[in-house]
Amino acid sequence: MKTYNIAVLKGDGIGPDVINCAIDILDKVAKKHGFAMNYSEALIGGIAIDETGNPLPDETIAICKKSNAVMLGAVGGPKWDDAPIRPEAGLLGIRKALGLFANLRPAIIYDALKDASPLKAKVIGDELDILVVRELTGGIYFGEKEKGKDYSLDTMKYSINEVKRIATVGFESAMKRNKILTSVDKANVLESSRLWRKVVIEVAKDYPEVTLNHMYVDNAAMQLVRDPHQFDVIVTSNMFGDILSDEASMITGSIGMLPSASLAIGTMGLYEPVHGSAPDIAGQNKANPIATILSVAMMLRFSFKEINAANDIEKAVNSVLDLGYRTGDIAIESETPIGTNEMSILISEQL
Ligand code: IPM
Ligand code: MG
């Protein structure tokens, strides 16, 4: 039987709660579609600091490199706020170590959850489906840093190749969708953005069917709440993508619902929910497992090409929402929320 090796990094806070559900769903869908999963657990984030003094132990990198894909829960929490090395360093480190340069963050409004959006119904319209493609291993996150006596320094640097490969992911994604790509930069101020724009225009020559727009990041932040429907795919640098993907996800009103994929060249990918570790509700059967379950669907689609299995999971999630079941984060006041495990079992039953 076809067997996929998966590194499982549960991490901190609600990470273990939601990953356990996602594994149940994955096992179920694997059985149905005739493939098998082989899981290897490894430490990352705060728990790795507690147990080894390092948020990203070498063993974790080795286990991930031997796997076909990585599932990650969440990292961080107030417990490590003053730690000399923070849990987040583990996340940045694994992105770099695995060459995960392309971060796909879909922001989708589910029909059953339209009321959850903080935007007016007339702005949201019928449906909203935006894909943020964020460059993940370059830019100001990874540029030269310096801590002087009376100054600190971070450097934003992009090479032509770094921009080319993420722009290509942006265009390829747009080709599979509505063929509109918005490249977001700050080319009126930053040299690295002027290079970004030049390279994106070059790559566009290979995609004549895609309508390419350029937008400054400040304007993009405004346009996202003014008229989100003008966007299909957004491609942008590491830090701008960090900020805009949070904004885009909040428009949907359901950050507990949104999955993400971080892809390397080839089929290796890391899949995690967009939400954080929510330490205040960890271990209480309150977290929404849907973002992680949908991340597993992205893994099946992007790393394993098990498209039918991926579609099945997405359909099952939709059915459970249509039936009216809600975890606390997406429930409206009059509804009684269900727990993490109940949500997962309901989705499993739909499968
Ligand atoms: C994200 C997070 C991370 C980032 C943090 C936790 C380092 O905000 O994945 O968006 O800034 O990339
Ligand atoms: Mg972020």
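Scoring rules and cut-offs
- Residues numbered from 1 in each chain as written.
- Chains lettered and ligands numbered in written order.
- Predicted model: local features only at pLDDT ≥ 70, side-chain atom pairs only at ≥ 80, totals over all residues.
- Heavy atoms only, no water.
- Near = heavy atom within 4 Å.
- Polar contact = N/O pair within 3.5 Å; in protein donor to acceptor, adjacent residues only side chain to side chain.
- Areas by Shrake-Rupley, 256 points an atom, 1.4 Å probe, with all protein chains shown as cover.
- Core = buried A, V, L, I, M, F, W, Y, C linked by side-chain atoms within 4.5 Å.
- Buried < 20%, exposed > 50% of the residue type's maximum accessible area, 1.4 Å probe, protein only.
- Domains from an automatic or database assignment.
- Contact = heavy atoms within 4.5 Å.
- Pairing = 2+ DSSP bridges.
- Helix = DSSP H or I, 4+ residues; strand = E, 2+ residues; numbered from the N terminus.
- Axes fitted to C-alpha atoms, helices over the stretch in contact; angles between N-to-C directions.
- Arc of directions from axis to C-beta.
- Expected span 1.5 Å × (residues − 1).
- Salt bridge = Lys/Arg side-chain N within 4 Å of Asp/Glu carboxyl O.
- Parallel < 35°, antiparallel > 145°, perpendicular 65-115°, else oblique.
- Left-handed = near helix turned anticlockwise from the far one by under 90°.
- Nonpolar A, V, L, I, M, F, W, Y, C, P; charged D, E, K, R; others polar.

### Describing the site of ligand 1
Taken together, the neighbourhood of ligand 1 is formed by Glu88, Arg95, Arg105, Arg134, Tyr141 and Asp242. Between ligand 1 and the protein, one listed contact pairs an oxygen atom with a side-chain N or O atom of Arg95 at 2.7 Å. Tyr141 places a polar side-chain atom, nitrogen or oxygen, 2.6 Å from an oxygen atom of ligand 1. Out of a free accessible area of 320 Å², ligand 1 has 74% covered by protein chains.

### Regarding the nonpolar core
Leu26, Met37, Met71, Met299, Leu300, Ile313 and Ile347 are the most contacted members of the largest nonpolar core, which totals 64 residues. Here this core gathers at least three residues from each of two domains, domain 1 (1-104 + 258-351) and domain 2 (118-251). Residue contacts for Ile347: discarding those within four places in its chain leaves Ile25, Ile290, Ile293, Ala316, Val317 and Val320. Cys64, Val70, Val75 and Leu270 belong to the second-largest nonpolar core, a separate cluster that totals 18 residues.

### A short note on the sheet that holds strand β4 (residues 102-108)
Taking strand neighbours across the sheet as the criterion, the 10 strands line up as β2-β1-β3-β12-β11-β4-β5-β10-β8-β9 in an open arrangement whose pairing is mixed. Bordering the open sheet on either side are β2 (35-41) and β9 (211-216), each of which pairs with just one other strand. For this sheet, the mean angle separating the axes of adjacent strands, direction not counted, is 25°. Sheet topology places strand β8 (residues 180-185) next to strand β10 (residues 233-236); four bridges connect them, and they run parallel.

### A short note on helix α4 (residues 88-97)
Buried within α4 we find Gly90, Leu91, Ile94 and Arg95. Buried residues in α4, looked at end-on, bunch into an arc of 135°, giving them a common side. Next to the buried residues of α4 lie α3 (58-66), β3 (69-74), β4, β5 (129-135) and β12 (269-273). After α4 finishes, the residue Gly99 shows a positive phi value of roughly 65°.

### Quick look at helix α1 (residues 15-33)
Between the first and last C-alpha of α1 there are 27 Å, a value that for 19 residues agrees with the 27 Å anticipated at 1.5 Å per step. Taken together, the buried positions of α1 are Gly15, Asp17, Val18, Ile19, Cys21, Ala22, Ile23, Ile25, Leu26, Val29 and Ala30. Elements that come into contact with the buried residues of α1 comprise β1 (2-11), β2, β3, α10 (290-302), α11 (307-322) and α12 (340-350).

### Quick look at the pattern of salt bridges
Once the charged atoms of two side chains with opposite charge are near each other, the side chains can pair. One pass over the full model with this rule turns up 18 salt bridges. Through salt bridges with shared partners, a single ionic network connects Asp81, Arg86 and Glu88.

### Brief notes about the packing of helix α6 (residues 160-175) against helix α7 (residues 191-204)
Running from N to C, α6 and α7 point in directions that differ by 50°, and their axes come no closer than 9 Å. By the angle between their directions, the pair α6 and α7 is classed as oblique. Relative to α7, the crossing made by α6 is right-handed. When α6 is examined against α7, the residues Ile160, Val163, Lys164, Ile166, Ala167, Thr168 and Phe171 are found in contact with a partner set consisting of Leu195, Trp196, Val199, Val200, Val203 and Ala204. Classifying every residue of the contact of α6 with α7 gives 11 nonpolar, one polar and one charged.

### Some remarks on the environment of Ala187
Within the secondary structure layout, Ala187 lies in the loop between β8 and α7. Taking the relative accessible area as the measure of exposure, Ala187 reaches 11% and is therefore buried. Taking the C-alpha atoms as reference, Ala187 lies 8.9 Å from Met215; in sequence the two are 28 residues apart. Not counting the four nearest positions on each side in its chain, Ala187 is found in contact with Ser193, Arg194, Arg197 and Tyr216.

### A look at the environment of Thr252
When you line up the elements, Thr252 lands in the loop between α9 (238-251) and β11 (259-263). When the C-alpha positions of Thr252 and Glu51 are compared, they lie 37 Å apart, and in sequence the two are 201 residues distant. Excluding anything up to four places from it in sequence, Thr252 contacts Ala107, Ile108, Ile109, Ala116, Ser117 and Leu258. A distance of 2.6 Å separates a polar atom in the side chain of Thr252 from the backbone oxygen of Ser249.

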